[in-house]
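# Architecture and fold: a report
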Amino acid sequence: MPVLDFIYQRSSCHVHEMCLPAPNNVQLKRIFQAVMSAPDHGNLRPWHLVVVANEQVPNMCELMCEAWLEEGGDIDPAKIRRLTNYLGDAPMVVVVSANITSPHAVSRRDQVLSAAAACQNILLAAEEQDIAAVWYSTDAAELPRVQQLFGLTQQQEPVAFIMLGTKKSERIKPRGEIDKHCYQWQGDGELVPLFALEENDHAV
Ligand SMILES: Cc1cc2nc3c(=O)[nH]c(=O)nc-3n(C[C@H](O)[C@H](O)[C@H](O)COP(=O)(O)O)c2cc1C
């Protein structure tokens, strides 16, 4: 399939839409190799990946639930239990963090964005192998105890929990129209919709 068509049809599979087996080591290596070509300001390679294998997922969820209940502030305990239970059905979890070099001329934000770009590459590399994948954030990842749980240092900022497994079924999702998102700059704060212009009026 042409690369762009492949990108156009990529879609996430939520945990309840995936099952075992989790990706094997060969597949995982192919996925993580794609991280290495994420855009990277300053060649810092700010990518830190922690895999939770299937047999450890229940343990991870239990410890995360405990930590979240202890430190979670105002969030409803029933919601915490529901969310962590849901993750318990994941065939595999990858915790993606930005490994921040600081102080550095490259901003923390750029390093976090590079880790986010790495996440997209993970989703694409999974899809290329027909592996189910979804990117979750959880408020829990902000908690020091949860970061400690994943062996993260203060310089390692979690950006995603990516769940990987086998698709239960194939799904093609309708995607949005580009028109509402694209503008052409016409000088000091002035924008016009890009595709409403006459073909000859814009430079792209
Ligand atoms: C930074 C980020 C965090 C996300 N966190 C969650 C999440 O916690 N729970 C969730 O259901 N979807 C979350 N999503 C959305 C899903 O990963 C997915 O993109 C969405 O369900 C749409 O599916 P699609 O990728 O097939 O368009 C997140 C996406 C991003 C980019």
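Residues numbered from 1 in each chain as written. Predicted model: local features only at pLDDT ≥ 70, side-chain atom pairs only at ≥ 80, totals over all residues. Heavy atoms only, no water.

## A look at the overall build of the protein
In terms of helices and strands, the protein carries 6 helices and 7 strands. For the protein, the N- to C-terminal ordering of α and β elements is α-β-α-β-α-α-β-α-β-α-β-β-β. With the C-alpha coordinates aligned to their principal axes, the bounding extent of the protein is approximately 60 × 45 × 35 Å. The proportion of buried residues among the 204 residues of the protein is 42%. By sequence separation, contacts in the protein at least 24 residues apart represent 76% of the contacts at least 6 residues apart. Surface accessibility of the protein: about 12,200 Å² in total, with carbon and sulfur atoms responsible for 52%. Counting 16 positive and 26 negative side-chain charges, the protein places the averaged centre of each group 6 Å from the other. (Helix = DSSP H or I, 4+ residues; strand = E, 2+ residues; numbered from the N terminus. Buried < 20%, exposed > 50% of the residue type's maximum accessible area, 1.4 Å probe, protein only. Contact = heavy atoms within 4.5 Å. Areas by Shrake-Rupley, 256 points an atom, 1.4 Å probe, with all protein chains shown as cover. Lys, Arg positive; Asp, Glu negative; His and termini not counted. Charge placed at Lys NZ, Arg CZ, Asp CG, Glu CD.)

## As for the UniProt feature "domain: Nitroreductase" (unreviewed entry) in the protein
Mapped onto this numbering, the UniProt entry gives "domain: Nitroreductase" (unreviewed entry) at residues 27-165. End-to-end, the C-alpha atoms of residues 27-165 are 11 Å apart, and along that stretch the chain is 45% helix and 22% strand. (UniProt positions renumbered as here; feature names shortened; annotations may be inferred.)

## A word on the nonpolar core
Core analysis: the biggest nonpolar cluster contains 29 residues, and Val-93, Tyr-136, Val-146, Phe-150, Phe-161 and Met-163 have the highest contact counts within it. Looking at this core, the elements with two or more residues in it are β2 (47-52), α3 (57-71), α4 (77-87), β3 (92-99), β4 (131-136) and β5 (156-167). Among the elements that take part in this core, α3 stands out by supplying 7 residues, more than any other. In contact with Met-163, not counting residues within four places along its chain, are Val-15, Met-18, Leu-87, Ala-90, Met-92, Val-93, Ala-132, Ala-133, Val-134 and Tyr-136. (Core = buried A, V, L, I, M, F, W, Y, C linked by side-chain atoms within 4.5 Å.)

## Re the environment of Val-35
Relative to the assigned elements, Val-35 resides in helix α2 (residues 25-35). Sequence separation between Val-35 and His-48 is 13 residues, and the spatial gap between their C-alpha atoms is 9.8 Å. Sequence-distant contacts of Val-35, that is, excluding residues within four places in its chain, are made with Trp-47, Leu-49, Ala-118, Asn-121 and Ile-122.

## Regarding the packing of α2 against helix α5 (residues 108-128)
Running from N to C, α2 and α5 cross one another at 145°; their axes reach a closest spacing of 8 Å. You can see that α2 and α5 cross each other, and the crossing is right-handed. Mapping the contact onto sequence places Arg-30, Ile-31, Phe-32, Ala-34 and Val-35 in α2 and Ala-118, Asn-121, Ile-122, Ala-125, Ala-126 and Glu-128 in α5. Its residues assigned to classes, the contact of α2 with α5 shows 8 nonpolar, 1 polar and 2 charged. (Axes fitted to C-alpha atoms, helices over the stretch in contact; angles between N-to-C directions. Left-handed = near helix turned anticlockwise from the far one by under 90°. Nonpolar A, V, L, I, M, F, W, Y, C, P; charged D, E, K, R; others polar.)

## Observations concerning α4
Because each turn of an α-helix spans 3.6 residues, side chains separated by three or four positions end up pointing in the same direction. Taken together, the buried positions of α4 are Ile-80, Thr-84 and Leu-87. What you see down the axis of α4 is that its buried residues fit within an arc of 55°, all on one side. Exposed residues on α4 whose side chains face more than 90 degrees from its buried face are Arg-82 and Asn-85. Looking at the buried positions of α4, the neighbouring elements they touch are α3, β4 and β5. In this structure Asp-76 caps α4, since a side-chain oxygen of it lies 3.1 Å from the backbone nitrogen of Ala-78. (Arc of directions from axis to C-beta. Polar contact = N/O pair within 3.5 Å; in protein donor to acceptor, adjacent residues only side chain to side chain.)

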